[in-house]
Amino acid sequence: MYLHLKDRKFYEDIYDRVTVEDARRGMVHYDKFFLELKKKLPKDDKIDRPGNAILLNVFYMQTVGNDLLYRYENRERHINERMAEDEKKDEQIATARLTKEPYCHHCNRHGLRIIDKSLMHRGDHYDLNEPEEVLFMLSCPHCKKKSAFWEDGTAWKVKAIVCPKCKTEMTHKTTTTKMSFIFTYSCPSCGHSYKDKMDRSTKEEERSDPEYDKDRVHFCLEDKEFRDKLYGIQRGFEGMAALGKELKEKDDNKHIYDAMKEVKKPKIAELTPLLAPILEKAGYTEFSLDKPEMGRDVYIGFSCLDTKSDREDYDSRKTLKKLVDRALVDTNWRLMSDGINYRLGYLSGRIRAYEREEDLKKLVMQTKKLKPKQVSSEADNPDNEFSMDDGKGGRIQY
Ligand SMILES: [Zn+2]
Ligand SMILES: [Zn+2]
């Protein structure tokens, strides 16, 4: 009985052969690109100049390198999956049982013996994604003829070949030669006849391929040094892509980065000269700063006295907040959200400095109401296939 599951080496050989053949096809493109680039270079330029080398590396990775790394990384998984599939097929065949005992379709007698089981697609127009079913081949001990049945007892029917001229079912004869099978089809009605040939030698490995062993070691990345070199190039490109994305974002959102450059960053010592005169004019005296709290961010408490006797708690706090907010608006300092405390004309609060680029960016966008442009090129495209109208004319991105 034919078994699907074979030695691991069988799967490894197939996988490696595909790797080598894909890589060889890729190398044809690469070599052509290399020669054309070399031909086009001006006399004083050299193919190994860094600029040219990067271009060649990009092309190599695109045509060959990335695939080699992918196939190297997925070799085990892929082979395990193929083996599991074949093991499942064998199990399906081994556990299959005929649900009812069939009778011989030639002599109508019982007692047929199973001589083979195999997996096949059922139906005339079978779908390759549909699971295969077990077909039983039986032999009749009485008339010695063979018949085939599906697991549920349905007899297997030979798909009839009909004459293309008169639609009569054709008869056929098989001739076996050393190299091939020749099928001769003839029509018993109109006499039309034609031949079909099937090659017998399917063993491709027998074709001489003296470079194969060397190519297999190379393209299957068995050489660690070569493998690490490819990984290095791949990482380099990823780094370049990330840098490119960052530069593009800075360029797209130039209006935000320009606004960030305009933000004043007063030192702690400059805060009192900045705030005290403004507050003084509005009747808040003795402005002073506490010791700064230095954590991930810098916070500083401040206090002052309200000298206006007719200004009550709420008004005093609100006025002070407005003054501080306005005085700091062009700087990277902000009044903290915990607000301002008031007691008997003594006011206190805290301000905070925004120092990191990301924080500063958010601050500028909030203060100046700036919107970022979309970074992704897909989002730039209004006809993006991953978006749809939300019914109110708006666009939903997903
Ligand atoms: Zn029989
Ligand atoms: Zn015919």
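Further up the page is the structure itself.
Residues numbered from 1 in each chain as written. Chains lettered and ligands numbered in written order. Predicted model: local features only at pLDDT ≥ 70, side-chain atom pairs only at ≥ 80, totals over all residues. Heavy atoms only, no water.

Coordination of the zinc ion (ligand 2) by the protein is provided by C163 (SG), C166 (SG), C187 (SG) and C190 (SG), with metal-donor distances spanning 2.2 to 2.5 Å. Each of the four donor atoms bound to the zinc ion (ligand 2) contributes to angles spanning 102 to 120°, and the resulting shape is tetrahedral. Spacing between the donor residues of the zinc ion (ligand 2) along the chain follows C-x2-C-x20-C-x2-C. Take C163: its relative accessible area is 0%, and that puts it in the buried class. Taking relative accessible area as the criterion, C166 reaches 29% and is therefore assigned partly exposed. (Donors = N, O, S within 2.8 Å, 3.2 Å for Na, K, Ca; no water. Tetrahedral: all angles 85-135°; square planar, octahedral: opposite > 155°, others 65-115°. Buried < 20%, exposed > 50% of the residue type's maximum accessible area, 1.4 Å probe, protein only.)

Attention now moves to the sheet that holds strand β1 (residues 113-120). Across the sheet, which stays open at both edges, the three strands sit in the order β1-β2-β3 with antiparallel pairing between neighbours. The open sheet has two edge strands with one neighbour each: β1 and β3 (146-150). Between one strand axis and the next, the sheet turns by 25° as a mean value, whatever way the strands run. With five bridges joining them, strand β2 (residues 133-139) and β3 adopt antiparallel strand pairing. The residue bridging S139 from the neighbouring strand is K146, located in β3. Against the sheet, helix α2 (residues 50-95) touches β1 and β2, its axis set at about 145° to β1. (Pairing = 2+ DSSP bridges. Helix = DSSP H or I, 4+ residues; strand = E, 2+ residues; numbered from the N terminus. Axes fitted to C-alpha atoms, helices over the stretch in contact; angles between N-to-C directions. Contact = heavy atoms within 4.5 Å.)

Non-glycine residue K144 carries a positive phi angle of around 65°. Of note in the backbone geometry, L221 takes a positive phi value of approximately 55° without being a glycine. Looking at where L221 falls in the secondary structure, it is placed in the loop between α3 (212-219) and α4 (224-252).

On to helix α6 (residues 268-281). In an α-helix there are 3.6 residues to a turn, and that puts residues three or four apart on one side. Those residues of α6 that fall on the buried side of the exposure criterion are L271, L275, A276 and L279. Looking at the buried side of α6, the elements it contacts are β7 (284-289), β9 (298-306), α7 (313-328), β10 (333-335) and β12 (346-353). At the C-terminal side of α6, G283 shows a positive phi close to 90°.

The next thing to look at is the sheet that holds strand β5 (residues 180-186). Read across the sheet, three strands follow the order β4-β5-β6 without closing on themselves; strand pairing throughout is antiparallel. Taken across any chain shown, the strands that pair with only one partner, and hence form the sheet edges, are β4 (171-176) and β6 (193-199). With direction set aside, neighbouring strand axes in the sheet form an average angle of 20°. In terms of strand pairing, β5 meets β6 through seven bridges, oriented antiparallel. Bridge assignment links S180 to a residue of β6, and that residue is D199.

What follows is about the packing of aromatic side chains. Inspection of the entire model under this criterion finds six aromatic pairs. Relative to Y11, the ring of F10 lies with its centre 5.3 Å away and its plane at 85°, an arrangement referred to as edge-to-face. Clustering of aromatic rings is evident, with ring pairs tying together Y30, F34 and Y60. Residue placement shows R17 over the ring face of Y212; its charged tip is 4.1 Å from the ring centre. Against the face of Y15 rests R71, its NZ or CZ located 4.0 Å from the ring centre. (Phe/Tyr/Trp six-rings, centres within 6.5 Å; stacked < 30°, edge-to-face > 60°. Lys NZ or Arg CZ within 6 Å of the ring centre and 35° of its normal.)

It is worth spelling out α7 at this point. Relative to the 22 Å expected for 16 residues at 1.5 Å per residue, α7 spans 23 Å between its end C-alpha atoms, a close match to the ideal helical length. All of the buried residues in α7 are S316, L320, L323, V324, A327 and L328. End-on view of α7: buried residues confined to an arc of 120°, all on one side of the axis. Facing away from the buried side of α7 by over 90 degrees, the exposed positions are Y314 and R326. Buried residues along α7 sit against α6, β7, β9, β10, β11 (341-343) and β12. (Expected span 1.5 Å × (residues − 1). Arc of directions from axis to C-beta.)

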